[in-house]
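Read off the chains here:
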Amino acid sequence: MYRSLACVSQLFAAALAATNWVNEPDTGLEDYIFSTNYTEGSLPLLKDMRAIPDFDWVARQVMDNQMYSFYRVAAAGETSYRNNLEVWSKVKFRPKVLANHEGLNETLSVSILGYNFSAPFFISPATRANYGDPERAEINFVDAAAEENILYVSALYANKTIEEIGAAKRKHNATMNGPLVTFQQIYTNANLSVTWDAIARAEAANAKAIVWTVDAPGSSTRHRAARYDTTNANSVTSYLSWDLYDQMKERTSLPIILKGITNVEDALEAVERGVPAIWLSNHGGRQVEHSPSPLEVAYEIHRNAPQVFKQVEVLADSGVRYGSDVLKLLALGVKAVGMGRPFMYSNLFGPEGPKKVMKIMKDEILNDAAQLGITDLRNIDLKRLNTRILENEVYLMDN
Ligand SMILES: Cc1cc2nc3c(=O)[nH]c(=O)nc-3n(C[C@H](O)[C@H](O)[C@H](O)COP(=O)(O)O)c2cc1C
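Residues numbered from 1 in each chain as written. Predicted model: local features only at pLDDT ≥ 70, side-chain atom pairs only at ≥ 80, totals over all residues. Heavy atoms only, no water.

Which residues make up the overall build of the protein chain, and what are the values?
When you go through the protein chain residue by residue, the secondary structure sums to 17 helices and 12 strands. A globule of 399 residues ought to have a C-alpha radius of gyration of about 21 Å, and the protein chain, at 21 Å, matches this closely. Taking the principal axes of its C-alpha atoms as reference, the protein chain extends roughly 75 × 55 × 50 Å. Residues classed as buried in the protein chain amount to 53% of the 399 residues present. Of the contacts formed within the protein chain by residues at least 6 apart in sequence, a portion of 77% connects residues at least 24 apart. Roughly 18000 Å² of accessible area belongs to the protein chain as shown, and the carbon and sulfur atoms make up 51% of that amount. Computed over 40 positive and 47 negative side-chain charges, the inter-centroid distance for the protein chain is 2 Å. (Helix = DSSP H or I, 4+ residues; strand = E, 2+ residues; numbered from the N terminus. Rg over C-alpha atoms; globule rule 2.2 N^0.38 Å. Buried < 20%, exposed > 50% of the residue type's maximum accessible area, 1.4 Å probe, protein only. Contact = heavy atoms within 4.5 Å. Areas by Shrake-Rupley, 256 points an atom, 1.4 Å probe, with all protein chains shown as cover. Lys, Arg positive; Asp, Glu negative; His and termini not counted. Charge placed at Lys NZ, Arg CZ, Asp CG, Glu CD.)

As structure tokens, then:
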């Protein structure tokens with residue numbers, strides 16, 4: 001009897017473990033387009049893209065397996081990737097009624113390191129935009145960012161060179177938003193001449209900050225993409241140290257942002273060493289298994305050293321897919337929030353794709369803020385969040 005009970009419970013556990021994790025939440029897109037004259041495997045109409053996860057679904061349908069795997073892949077068992085997408089439900093909202101949000105729209109814009117943008121989100125650096133649009137690749141991001149006045153952070157290993165991105169940017173110098181502001185991401189390795197060269201080229205191309213990716217000291221374990229021999233953009237082991245940060249400071253007058261901060265001690269050290277901005281990120285879960293999501297890192301900093309959010313500008317990315325995700329990070333003190341995969345997938349639609357992502361995000365941020373009784377996006381009352389679950393999990397420095 002006991003043996004058969006144990007057997008049943010083992011079967012039950014196995015069935016649970018075998019439950020497939022769904023990459024994209026059901027937004028109704030699939031049901032909808034198959035009710036139209038959509039041909040399986042083709043690109044749907046852009047007008048039918050209503051939610052950011054719609055772009056994930058489309059990418060999975062239309063991209064070649066090797067290319068899709070390179071965008072979608074995450075480290076090892078991909079738990080960090082999944083946690084990045086799911087963690088948001090650990091923080092519930094506490095909407096406030098009758099809050100009079102008359103001036104809310106005027107607070108959507110944000111200043112990052114002294115440059116003004118129309119909304120508190122941006123395009124995170126990601127390589128191989130040509131998998132989305134073989135010809136225009138990153139140029140679509142330049143155009144969309146200029147038109148919507150959104151920050152674009154270009155990747156060192158982008159398909160278009162730093163100079164090509166610089167040239168595309170110059171075409172937008174006379175737009176009504178003023179010249180497009182971009183930041184340049186870099187990796188470093190033992191051959192520092194490559195780093196000094198990249199920084200000099202970024203300066204010449206009029207990038208306004210260097211984003212130094214510090215969370216990739218080695219290649220990461222990426223099974224999904226390894227099947228196609230396309231794993232890391234940066235396959236050489238990175239050379240990373242505070243000494244190199246000091247050397248870099250001597251070489252450039254541009255502000256250097258550290259991308260890939262995942263704990264409060266590193267955030268505090270960055271403040272102490274005079275870093276102007278830090279970027280909370282686990283690289284979209286692509287570097288190491290069980291690295292924390294930006295929501296968890298922001299909460300850890302908030303609980304242990306809340307002054308950090310006033311001492312440096314704090315950016316964040318990894319797993320952001322909804323306006324409400326952005327609001328949670330802003331409430332904790334983050335200034336602006338990046339997205340990687342959504343923009344890469346949207347590039348399948350050409351320049352209109354990233355623009356659509358930007359429009360969806362702007363609408364969701366404003367509408368959700370109004371729903372929650374938020375009247376000023378630059379000063380969100382933490383009472384709008386219920387953080388009890390994170391409180392039970394947070395790392396406390398003095399324990
Ligand atoms: C296809 C791809 C390539 C990436 N390449 C880089 C890179 O070259 N440098 C870098 O700092 N981060 C890179 N990232 C990480 C992104 O900058 C960003 O941190 C991450 O995508 C955010 O998570 P999300 O995709 O869930 O929005 C890449 C991400 C993706 C998806």
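Structure shown, so let's carry the discussion forward.
So what about empty space enclosed by the protein? Which residues, and what values?
One pass over the structure, following the stated rule, counts three cavities of 30 Å³ or more. For the second largest cavity, the calculated volume is near 50 Å³. Around the second largest cavity, the lining residues are S154, I162, I165, G166, K169, T182, F183, Q184, A202, A205 and A207. Breaking the lining of the second largest cavity down by element, the ones donating at least two residues are α7 (162–170) and β6 (182–186). With four residues, the single largest contributor to the lining of the second largest cavity is α7. (1 Å grid on protein atoms, 1.4 Å probe; cavity = no way out; pocket = protein on both sides within 12 Å on 5 of 7 lines; lining within 4 Å. Points joined across faces, edges and corners; volume = space filled by probe spheres on them.)

Kindly report on the pairing of β6, identifying the contributing residues and their values.
Here β6 lies mainly inside the structure; five of its five residues are buried. Alternating positions in β6 separate into two faces, T182, Q184 and I186 on one and F183 and Q185 on the other, with burial throughout. Bridge count between β6 and strand β7 (residues 210–213): three bridges; the pairing is parallel. Across the sheet, the residue bridging to Q185 is V211, located in β7. For the segment spanning β6, helix α8 (residues 192–204) and β7, crossover handedness is right-handed. (Pairing = 2+ DSSP bridges. Right-handed = clockwise from strand over helix to strand, strands pointing away.)

Residues and numbers for the UniProt feature "binding site: FMN" (unreviewed entry) in the protein chain, please.
UniProt's entry tags Q185, T213, K259, S281, D317, S318, G319, V320, R321, G340 and R341 with the feature "binding site: FMN" (unreviewed entry), counted in the numbering of this structure. Of the annotated positions mentioned, S281 line the second largest pocket. Inspection of the secondary structure puts D317 in strand β10 (residues 313–317). In this structure D317 comes out as buried when scored by relative accessible area, which is 5%. Ignoring anything within four residues of it in the chain, the contact list for D317 reads S124, K259, W279, L280, S281, N282, P294 and G338. Engagement of the side chain of D317 in a polar contact is seen with the side chain of W279, the distance being 3.2 Å. When its relative accessible area of 6% is taken as the criterion, R321 is described as buried. (UniProt positions renumbered as here; feature names shortened; annotations may be inferred. Polar contact = N/O pair within 3.5 Å; in protein donor to acceptor, adjacent residues only side chain to side chain.)

Break down the sheet that holds strand β9 (residues 277–280) for me, with residues and values.
Ordered in space as β4-β5-β6-β7-β8-β9-β10-β11, the eight strands form a closed barrel in which the pairing is parallel. Neighbour-to-neighbour, the strand axes of this sheet turn through a mean angle of 30°, independent of strand direction. Alignment of strand β5 (residues 151–154) against β6, held across three bridges, turns out to be parallel. The partner of Y152 across the bridge, within β6, is T182. The strands that helix α10 (residues 242–251) touches are β6, β7 and β8 (256–261); relative to β8, the one it contacts most, it runs at about 155°. (Axes fitted to C-alpha atoms, helices over the stretch in contact; angles between N-to-C directions.)

With reference to specific residues and values, describe the site of the ligand.
Contacts to the ligand come from 23 residues, most closely from P125, T213, D317, G319 and G340. Between the ligand and T127, the relevant distance is 3.3 Å, taken from a nitrogen atom to a main-chain nitrogen or oxygen of the residue. In the model, an oxygen atom of the ligand is placed 2.9 Å from a nitrogen or oxygen of the G319 main chain. Burial of the ligand by the surrounding chains reaches 99%, relative to a free accessible area of 600 Å². (Near = heavy atom within 4 Å.)

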